[in-house]
Number of protein chains: 2
Amino acid sequence: MRKLSLSLLLPALFCINAHGDEGMWLFNALPTAQLKQKYDFDVTQEWTNHVRLASVRFNSGGSASFISSNGLVLTNHHVAADTLYKLSTPQRNIADEGYYATSPEQELKAPDLELNQLVAIRDVTEEVNASVQEGMPAGEASKARQAAMARIEQQSKDESGLRSDVVTLYGGGRYHLYQYKQYTDVRLVWAPEAKTAFFGGDADNFEYPRFCLDVTIFRVYENNQPAKIEHFLEANPNGAQAEELVFVSGNPGRTQRILTAEALEYQRDHRMPRVLDLLRRKEILLQQYALGGPEQARRGHDELFGIQNSRKAYTGMLEGLQTPGFINRKQESAAALQAAAGSDSAWKTIAAVQQKRIELQSRTGSLRSQLYGIAEDLVLMAAEDQLSSGERLREFRDSNRQSLEQALFSPAPLYDDLERVQLADELARFAETRGGSDSLVQQVLAGKSPRQRASELLADTQLFDVAARKKLAAAGTSGIANSQDALIQLAKILEPEYRALRTLTEELDEQERQAYATITEAKFSAEGESVYPDATFTLRLAYGAVKGYQEDGQDIPANTTLGGAFEHETAHGKTDDWILPESWHAAREQLDASTPFNFVCTADIIGGNSGSPVIDREGKLVGVIFDGNIQSLTADFYHSETQGRAVAVHIAAVLEALDKVYDAQALRQQIGH
Amino acid sequence: MRKLSLSLLLPALFCINAHGDEGMWLFNALPTAQLKQKYDFDVTQEWTNHVRLASVRFNSGGSASFISSNGLVLTNHHVAADTLYKLSTPQRNIADEGYYATSPEQELKAPDLELNQLVAIRDVTEEVNASVQEGMPAGEASKARQAAMARIEQQSKDESGLRSDVVTLYGGGRYHLYQYKQYTDVRLVWAPEAKTAFFGGDADNFEYPRFCLDVTIFRVYENNQPAKIEHFLEANPNGAQAEELVFVSGNPGRTQRILTAEALEYQRDHRMPRVLDLLRRKEILLQQYALGGPEQARRGHDELFGIQNSRKAYTGMLEGLQTPGFINRKQESAAALQAAAGSDSAWKTIAAVQQKRIELQSRTGSLRSQLYGIAEDLVLMAAEDQLSSGERLREFRDSNRQSLEQALFSPAPLYDDLERVQLADELARFAETRGGSDSLVQQVLAGKSPRQRASELLADTQLFDVAARKKLAAAGTSGIANSQDALIQLAKILEPEYRALRTLTEELDEQERQAYATITEAKFSAEGESVYPDATFTLRLAYGAVKGYQEDGQDIPANTTLGGAFEHETAHGKTDDWILPESWHAAREQLDASTPFNFVCTADIIGGNSGSPVIDREGKLVGVIFDGNIQSLTADFYHSETQGRAVAVHIAAVLEALDKVYDAQALRQQIGH
């Protein structure tokens, strides 16, 4: 489980018919009746506010929580990995070797992290929908809707000073304004070694039982001082006992449970196979790059890990979709909804949109390269800034400027050789997608092979240099028009096609939004209002029980222990990814082997939930989500709790390791205070 | 360089306009004038016969030579690898650890090797073409032509007792009958450790300078005695000096130098990207399987290596095709040929065939699994055997029966867990190719997920057992009709689609054959008769000079030395694939460090040439081809000798290693005697 690397986010959709412990619930529409009935739990406003305000979103793609009054933030090592790599150098390999700041001066500032705390939610559906008139063409409707959303966001930001996002829920059935407090001064306090954080490596990933200390601790600062945090989670080291009710408060990235049969068929037969081809391609590319030596392996490791993780997740998702029964049931249930809607036209619209998406597969106007992405943003930004904020492409609006600039001007290292390998591959893929005879391909390659062309482009760009990026950004349209930078010139060549495709895609998205809004209303009228929307990388509450399961006739217990990690190491002959760090072996005698290490629960989670706090009835911290087992990989489309489980690090293991393995008593004592 | 794993062989084509040391020449049409002019070499009939008869084809995909009167055969370790893996067990890892039979009793019989010695060549073009009447539809023409070829082959086999293949040359411009002596009792004598055979691993593959002892020695037997060999190669350990003329006699698998611009565009935009997606998919699949443990890694290693090798080769080939100039030049040269032909209709036919091939991409009637392949062969064979030999699909004719049965009834181990992983992936790929809603997909999956279905199929098949295969084969059509074997039943479901696609493909092949025959005649009339046909995995002679080259401003010398291998190991920190075997370190003091190890020459080679002897003017053995450098990977489409080089093991290194590293003096003394 991990930030949604390479996933092309779909429009936000929704899901209903919650069964068992299913559901990723909105904080302003929690399943109070179900919780009372099944678990005899009373949801109070105070409890809800406390949990919401103690929850943290990593804008880079992950979840976390405040765990002290002086700004400590607990997340996963793999959510932190991007930052750990950026803070690493060939001399100081923090990502592999870990880090511990024993004094505030040693806390290392992350180059480009943005953390969000959800302060308030407001329903703005009427205001958004009022902007769209009956019978408007989809392109026009999309623009009007975007402009209304931008206006609401800008007004909110102006009034509150908070980051303000209008979130599309239920695939377009509802629009809510989310206001966030932003933290952009985020410093690394402590990270363990990669060997314990990702113990068992790719082989154990998505498996259970597990033995991973997949956690890292940051601290947020304001005005160069540790931020004062009112709502933080106290730790309950005795918590997370079997059968106990727990909650997961985090930001699931994307589910697609509302999809119609035809939309699922598009996913199954077109999008997912293509994404998997892409992931495998990039995986092999980075593996080959890593053969260049240990430094290359280090540079590519974080991205490679993310790709392997996604590849494994997508393989499981596709397997679920290819099982014939699932889509058949969707087809059957559509009939009842069409009766409720009085028409099947929404379903037909969605089917037609899938056909158009297939046609668009042979077009592309962009390259998946970090440096090219910077060039593209600079070119687009100059043009977009000529428009009023509401008319711009979403990411270039004033309300998003701070986040955009933090990414664009990040001092994080870019490696010339890695960029060259990736850009060459992207140029080749561009030629494959559009066909080598395509005139845009010919312009892009300029008579060279992809590899030659990539070398040439990188030799003639200044964009490795943050100052050069800032200078170009400041110079606006004339800066772009006069730039001799090879990557900027390339982005200018592609700009018209990029914009044409973006427009087409946004029209299709709008058609789907309107259709899913119709389906949503049909579901509301057929099945009542107690439903949750598909995940949208916004704060949700899931719940469930700490609970083992059966697999191949064996009972899998709910939790593992610290002692089990050493046994697991021995069982794998202390080879490959099953080697615990030296610090663990040194501390083995001191450790309480019976301390719970990882545990599973039935809560409904998905990528983006990584780092989410697991919370008990009293609102105390009992664990940190870091994975789902392989049986949970269908979660994109449906929740299954026969065997599907969320996997978390037990808080007792975190405290025990800080104390006995990492000599971090000073840090340990701040937690929960 | 390696057997053409996973390559979907195209019909045999041709090439002309030889430049430099270009050309893979027919033994009955050698470039005598060029050799005289450039190298002052007189080709004699005696020399030619000797070289041809000393050359050996590994029917599994590779080349070799006889090197003693008592049946010793020298090839590459990687050509032998398939057999080495089949002879290995968890207890006796020959593939990794090597082998040396110090007595005849210890020589290990390969389970399914067939070696061929080319005895005679006869032009049968007129006889083949006489079977096709003017104006016949392509399907009918293809059948008539196949029947004529089968008749010629059968007659030849009946008269001579030799394996008899009619080979399609110049894409259909000529047909030659090749008669082979077959050796099917082939025993392993000696193999080095994988660590020296593939020193540097995937990272060094297709690179130069290299330091690989990529050789293995077999012995052929007749009547349970070492075969008596008249024509074998003597070793010349002083040979292969810089600038020296050398010859390569081997079986290049497939080149496509005749392809028209439109056919190349199909390769560039459709076939190669798809093949690369497939290779990367299988590479990841086998990597994941290998994570299961050392025994899994061993089981999957040979196939994984072959796939990595092909992936690297195809990536280089596609890069060549994506360089805009190459196809443009093809387009320009077509005009002159169309004038000579008096029409562009052949080119138009070829262009139209490519469109039909694109349409066929979304159909498939087979699965790439070893066990499924056996089921498919058994089902097809029963039906085909109802026809007269000449009417059957090519591989089921009487003339090919011995080779077919050797493969079908091979006792080589099949691993249940590996088969399951591969079959599950093939079922998923089948669903992706045809779309999950396709009725054939639904039949094949039978309501299960690909993984569940694969487990079920393998639980209900007897085909792991060779005796069960033989019993089914003996029972003919009624055996197949009544079989309860799950894989046989699956193959029966797919049989109609397999046959339909085969027919369609053979029609397209015939259209291309006729069109390329027309283009061939135009080339002959425009440019004279001194041309060589595209590679067809039949015996060819290439020539060139031992010669270094320049790369990134550096001089790359023609040969490396044994001492250099130890330096290369040190330079890579003795890690990963850069660890020489212990036997080498033990013998280091005894070895002459200045002995040439690997060397390069300008000869025109490609996959299938692996194991080819490199021969000097006197017909003596100076080396064994095992790779081409990365710059030679365009060879599928054009020969380039600016930097492109064939890479060989120097015979001096083989002799030195046998003597000093492997204590194999008894074997060493047989070589050349």
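Data block above holds the structure.
Below: a short report on this structure. The model shown is predicted, which means the values in this text are computed figures rather than measured ones. (Residues numbered from 1 in each chain as written. Chains lettered and ligands numbered in written order. Predicted model: local features only at pLDDT ≥ 70, side-chain atom pairs only at ≥ 80, totals over all residues. Heavy atoms only, no water.)

**Notes on the overall build of chain A**
Then, number 1: Across its full length, chain A holds 23 helices and 23 strands.
Then, number 2: Computed over its C-alpha atoms, the radius of gyration of chain A comes to 25 Å, within 12% of the 26 Å expected for a compact globule of 673 residues.
Then, number 3: Each of the three principal axes of chain A carries a C-alpha extent, and together these read 65 × 60 × 50 Å.
Then, number 4: Burial statistics for chain A: of 673 residues in total, 62% are counted as buried.
Then, number 5: Considering only intrachain contacts with a sequence separation of at least 6, the fraction spanning at least 24 residues in chain A is 80%. (Helix = DSSP H or I, 4+ residues; strand = E, 2+ residues; numbered from the N terminus. Rg over C-alpha atoms; globule rule 2.2 N^0.38 Å. Buried < 20%, exposed > 50% of the residue type's maximum accessible area, 1.4 Å probe, protein only. Contact = heavy atoms within 4.5 Å.)

**A short note on the relation of the copies chain B and chain A**
Then, number 1: Superposing chain B onto chain A requires a rotation of 180° together with a translation of 0.0 Å along the rotation axis, leaving an RMSD of 0.0 Å. Both copies of the chain, as the preceding transformation shows, are related through a two-fold rotation axis.
Then, number 2: Most of the interface of chain B is mirrored in chain A, where 100% of its interface residues again form contacts. (Least-squares fit on C-alpha atoms with pLDDT ≥ 70 in both.)

**Points about the sheet that holds strand S22 (residues 621–628) of chain A**
Two pairing modes exist for strands in a sheet, parallel and antiparallel, and in both the strands are linked by backbone hydrogen bonds.
All names here are of chain A.
Then, number 1: Here we have eight strands laid out as an open sheet, ordered S2-S16-S14-S21-S22-S23-S20-S19, and antiparallel in their pairing. The open sheet has two edge strands with one neighbour each: strand S2 (25–26) and strand S19 (559–561).
Then, number 2: Of the strands in this sheet, strand S20 (596–601), S22 and strand S23 (646–650) touch helix H22 (residues 651–660), which is tilted by about 35° from S23. (Pairing = 2+ DSSP bridges. Axes fitted to C-alpha atoms, helices over the stretch in contact; angles between N-to-C directions.)

**Considering the packing of aromatic side chains**
Then, number 1: Across all of its chains, the model carries 30 aromatic pairs over all chains by this definition.
Then, number 2: Measuring from ring centre to ring centre gives 6.3 Å for A:Tyr178 and A:Tyr180, while their planes differ by 45°; the resulting arrangement is tilted. By the burial criterion, A:Tyr178 is buried, and A:Tyr180 matches it.
Then, number 3: Between B:Phe326 and B:Phe637, the ring centres sit 6.3 Å apart and the planes meet at 50°, which makes this aromatic pair tilted. Placement of B:Phe326 in helix H11 (residues 324–341) and of B:Phe637 in the loop between strand S22 (621–628) and strand S23 (646–650) is noted, with a sequence separation of 311 residues between them.
Then, number 4: Among the aromatic residues, those joined into a cluster by ring pairs are A:Phe41, A:Trp47 and A:Phe247.
Then, number 5: Over the ring of A:Tyr221 we find A:Arg187; its NZ or CZ atom is 3.7 Å from the centre of that ring. (Phe/Tyr/Trp six-rings, centres within 6.5 Å; stacked < 30°, edge-to-face > 60°. Lys NZ or Arg CZ within 6 Å of the ring centre and 35° of its normal.)

**What about the interface of chain B and chain A?**
Then, number 1: Contact with chain B, which involves 36 residues of that partner, is made by 36 residues of chain A.
Then, number 2: When chain B packs against chain A, the two sides together hide about 3000 Å² of surface, and 50% of this comes from carbon and sulfur.
Then, number 3: Scanning the region where chain B abuts chain A turns up two salt bridges.
Then, number 4: B:Arg451 is the salt-bridge partner of A:Glu319, the closest N and O atoms lying 3.6 Å from each other.
Then, number 5: Counting every contact that joins chain B to chain A gives 15 residue pairs in polar contact (both at pLDDT 80 or more).
Then, number 6: The element best represented in the side of chain B that touches chain A is helix H9 (residues 261–290) of chain B, accounting for eleven residues. (Buried area = accessible area lost by both parts, 1.4 Å probe. Salt bridge = Lys/Arg side-chain N within 4 Å of Asp/Glu carboxyl O. Polar contact = N/O pair within 3.5 Å; in protein donor to acceptor, adjacent residues only side chain to side chain.)

**Section: the side chain of B:Thr125**
Residue and element names in this part refer to chain B.
Then, number 1: Following the sequence through the fold, Thr 125 ends up in helix H5 (residues 125–130).
Then, number 2: Side chain to side chain, Thr 125 and Asp 123 meet in a polar contact 2.5 Å long.
Then, number 3: What Thr 125 contacts, discounting residues up to four positions off in sequence, is Gly 173, Arg 174 and Tyr 175.

**Topic: the sheet that holds strand S14 (residues 245–250) of chain B**
All names here are of chain B.
Then, number 1: Here we have eight strands laid out as an open sheet, ordered S2-S16-S14-S21-S22-S23-S20-S19, and antiparallel in their pairing. Each edge of the sheet is formed by a strand with only one pairing partner; in this case those strands are strand S2 (25–26) and strand S19 (559–561).
Then, number 2: Relative to S23, S22 runs antiparallel, the two being bridged by five bridges. Bridging from a neighbouring strand, Val 624 pairs with Val 649 of S23.
Then, number 3: Sheet contacts for helix H1 (residues 32–39): S2, S14 and strand S16 (540–545); angle to S16, the most-contacted strand, approximately 15°.

**Focus: the pattern of salt bridges**
Side-chain pairing between opposite charges can occur once the charged atoms of the two side chains come close.
Then, number 1: Following the criterion strictly, the structure yields 102 salt bridges over all chains and no others.
Then, number 2: The residue B:Asp185 makes a salt bridge to B:Arg187 at a minimum N-O spacing of 2.9 Å. Accessibility assignment for this pair places B:Asp185 and B:Arg187 in one class, buried.
Then, number 3: B:Asp269 is paired through a salt bridge with B:Arg268; the nearest N and O atoms lie 2.9 Å apart. For the pair formed by B:Asp269 and B:Arg268, the shared burial category is buried.
Then, number 4: Beyond isolated ion pairs, a larger network of salt bridges with shared partners links A:Arg281, A:Lys282, A:Asp425, A:Glu426, A:Arg429 and A:Glu432.

**Considering the environment of B:Thr536**
Residue and element names in this part refer to chain B.
Then, number 1: Tracing the sequence through the fold places Thr 536 in the loop between strand S15 (532–533) and S16.
Then, number 2: Here Thr 536 falls in the buried class, since its relative accessible area comes to 16%.
Then, number 3: For Thr 536, the side chain forms a polar contact with the side chain of Arg 540, separated by 3.0 Å.

**Focus on the pairing of strand S4 (residues 62–66) of chain B**
Residue and element names in this part refer to chain B.
Then, number 1: Taken across its five residues, S4 has five buried, putting it largely inside the fold.
Then, number 2: Residues Gly 62, Ala 64 and Phe 66 of S4 are buried on one face, and the alternating residues Ser 63 and Ser 65, pointing to the opposite face, are buried as well.
Then, number 3: As judged from the four bridges shared by strand S3 (residues 55–58) and S4, these two strands associate in the antiparallel manner. Within S4, the residue paired with Val 56 across the bridge is Ala 64.
Then, number 4: In this antiparallel pair of consecutive strands, S3 and S4, the connection spans three residues, and Gly 61 shows a positive phi of 120°.
Then, number 5: Pairing between S4 and strand S5 (residues 72–75): two bridges, direction antiparallel. Bridge assignment links Phe 66 to a residue of S5, and that residue is Val 73.
Then, number 6: Remark: five residues form the turn of the hairpin made by S4 and S5, two consecutive strands paired antiparallel; Gly 71 in that turn has positive phi of roughly 90°.

**Things to note about the pairing of S20(A)**
Residues and elements named next belong to chain A.
Then, number 1: With respect to burial, S20 is a largely interior element, five of its six residues being buried.
Then, number 2: One ladder, built from two bridges, connects S19 with S20; its direction is antiparallel. Across the sheet, Asn 559 pairs through a bridge with Phe 599, a residue of S20.
Then, number 3: The sheet contact formed by S20 and S23 spans four bridges and is antiparallel. Note on S23: the bridge partner recorded for Phe 599 is Ala 648.

**Considering unusual backbone geometry**
Then, number 1: Looking along the chain, the bond that leaves A:Tyr208 and enters A:Pro209 is cis, with omega of 5°.
Then, number 2: If you trace the backbone, A:Pro209 turns up in the loop between helix H8 (201–204) and strand S12 (216–222).
Then, number 3: A positive phi is found at A:Glu243, a non-glycine position, where the angle reads about 75°.
Then, number 4: Take A:Glu243: it is sitting in the loop between strand S13 (225–226) and strand S14 (245–250).
Then, number 5: Residue classification places A:Glu243 among the exposed residues on the basis of a relative accessible area of 53%.
Then, number 6: For B:Lys574, which is not a glycine, the phi torsion comes out positive at approximately 50°.
Then, number 7: Here B:Lys574 shows up in the loop between helix H20 (562–571) and helix H21 (582–587).
Then, number 8: The exposure class assigned to B:Lys574 is partly exposed, which follows from its relative accessible area of 46%.

**Looking at the packing of helix H11 (residues 324–341) of chain A against helix H19 (residues 486–527) of chain A**
Residues and elements named next belong to chain A.
Then, number 1: One can describe the packing of H11 onto H19 by two numbers: an axis separation of 8 Å at closest approach and a directional angle of 95°. By the angle between their axes, H11 is roughly perpendicular relative to H19. Contact with H11, carried on its side by Leu 337, Ala 340 and Ala 341, involves Ile 519, Ala 522, Lys 523, Ser 525, Ala 526 and Glu 527 of H19 and no other residues of that element.
Then, number 2: Looking at the contact of H11 with H19, its residues break down into six nonpolar, one polar and two charged. (Parallel < 35°, antiparallel > 145°, perpendicular 65-115°, else oblique. Nonpolar A, V, L, I, M, F, W, Y, C, P; charged D, E, K, R; others polar.)

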